[in-house]
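# Tertiary structure, described
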Amino acid sequence: MRKKINVGLIGYGFMGRTHSNAYCKVNHFFDLPYEPVLHVVCGLEEDKAKAFADQWGYRSYTTDWRKVIEDDEIDLVDICVPNNVHAEIAMAAAKAGKAILCEKPLALNGKQAREMVEVVEKAGVPNLVSFNYRRVPAVTLAKQLIDEGRLGRIFHYRANFLQDWTISAQVPQGGMATWRLDVKAAGSGVTGDLLAHCIDTAMWHNGHIKSVCAMTETFVKERMHAETGKVEKVGIDDACMFMCRFENGSLGNFESTRYARGHKALYTFEINGEHASIAWDLHDLHRLSYFDHRDDSIVRGWRSIHVTDADMPYMDKWWVPGLQIGYEHSFVHQIADFLENLAKGKPTSPTFSEALETQLVCDAVLSSAKKGAWEEISYR
Ligand code: SOE
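Rules used throughout
- Residues numbered from 1 in each chain as written.
- Predicted model: local features only at pLDDT ≥ 70, side-chain atom pairs only at ≥ 80, totals over all residues.
- Pairing = 2+ DSSP bridges.
- Helix = DSSP H or I, 4+ residues; strand = E, 2+ residues; numbered from the N terminus.
- Contact = placed C-beta atoms within 7 Å.
- Axes fitted to C-alpha atoms, helices over the stretch in contact; angles between N-to-C directions.
- Parallel < 35°, antiparallel > 145°, perpendicular 65-115°, else oblique.
- Left-handed = near helix turned anticlockwise from the far one by under 90°.
- Nonpolar A, V, L, I, M, F, W, Y, C, P; charged D, E, K, R; others polar.
- Domains from an automatic or database assignment.

### Focus: the sheet that holds strand 15 (residues 287-292)
Taken together, the nine strands give an open sheet; going across it, the order is 16-15-14-13-7-12-11-8-17, and neighbouring strands pair in mixed fashion. Strands at the two margins of the open sheet, each flanked by one partner only, are strand 16 (303-306) and strand 17 (375-376). Here helix 6 (residues 137-147) sits on the sheet in contact with strand 14 (276-281) and strand 15, set at roughly 165 degrees to strand 14. Most of the contacts of helix 8 (residues 190-206) go to strand 7 (residues 154-162), to which it runs at about 155 degrees, and overall it touches strand 7, strand 8 (209-217), strand 11 (239-246), strand 12 (251-257) and strand 13 (266-273).

Take a look at the structure:
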């Protein structure tokens, strides 16, 4: 008999949909001790909150997130709102004893993230940050291959996250769909929004980043603010590139931009080791490219692994070999792992504490770009 776990979702945008979809699907595919119940959705506009509740099957809706926290029936608070409100909601939820799933990046900056970690750890509540790409099976398989030592010593980690949706100067900053362009709501631009994904995955694959040297650019300096109606200075980074050193001695190279015409969400990484290399591309997310120098030379070459077999991460839960899954499934896996670990009393990665480390790297990247100098990262 599965135990019900009542979910209070705060935020009904794009991420609210990905998480809701995961709650709806998870028990159909994973055998879990818990069953999420869509209890309440919270959003700023009442008609939209109601429409969201109707569409996804939430039992109720509210426009006041404090009501979600105060509701004794809620077990899990899911935070899918702009970055500047994560801290207040997460800390209140922790103090009320709720389990928390928070969208990435954890906070506006490392200082705020550290405060959140302290509160959440003091409260002793289960916590998870939604760096979903770790749970794309091909990305999880990459981690397995690295941990098995197949690559040998790692020399290079290269990652890009390229988009093109803010090239027009007419795109406003602030407001519902474009808060990611408003530094007050987002904390930073591509560094916190996109590179944070790459950094989370990279440190999971390859260990801590030790030092960074970065440059950023804001190509469009002023934009109309959707809330004030005024043209205001843009405070976010439109593009960011950084090189880094990992603690294991390998070198990293990261790039992210929203000005790469033709690319919508091209997240790629390549890892080069002594014996083998791995490459992955979000646009072809069910494939992992692998090259192994130990193969006989006459058959040696990049192979494209179709990550659909039942012995590959998560794939025994889905269809039959050869039939692939997609982006939304990474969120289903995230919820499945969280619920499984919840029953065992085990943490699920990346926890708030691990997401703080990613935040510290983001801070160092932005600070390095500002100073034009290398920046060391201290995780203490
Ligand atoms: C930005 O466009 C965005 O939606 C990010 O906020 C997500 O985290 C990323 O997965 C896709 O792009």
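There is more to say after this.
### Notes on the packing of helix 4 (residues 86-95) against helix 5 (residues 110-123)
Where helix 4 meets helix 5, the axes come as close as 8 Å, and the angle between the chain directions of the two elements is 10 degrees. With respect to their mutual orientation, helix 4 and helix 5 come out roughly parallel. Considering only the axes of helix 4 and helix 5, their crossing is left-handed. Contacts between helix 4 and helix 5 involve Ala87, Ala90, Met91, Ala94 and Lys95 from the first element and Gln112, Glu115, Met116, Val119, Val120 and Ala123 from the second. Its residues placed into classes, the contact of helix 4 with helix 5 shows eight nonpolar, one polar and two charged.

### Brief notes about the environment of Thr62
Structurally, Thr62 can be placed in strand 3 (residues 60-62). Residues contacting Thr62, with those up to four places away along its chain left out, are Val40, Cys42, Ala49, Lys67 and Val68.

### Focus: the domain arrangement of the protein chain
Its domain assignment divides the protein chain into domain 1 (3-133) and domain 2 (134-350 + 356-375). Here domain 1 and domain 2 have C-alpha centroids that lie 23 Å from each other. In this complex, domain 1 contributes 35 residues to the contact, which on the side of domain 2 involves 37 residues. Counting residues per element, the side of domain 1 that touches domain 2 draws most heavily on helix 1 (residues 14-29), at eight residues. The class makeup of the residues in the side of domain 1 that touches domain 2 is 23 nonpolar, nine polar and three charged.

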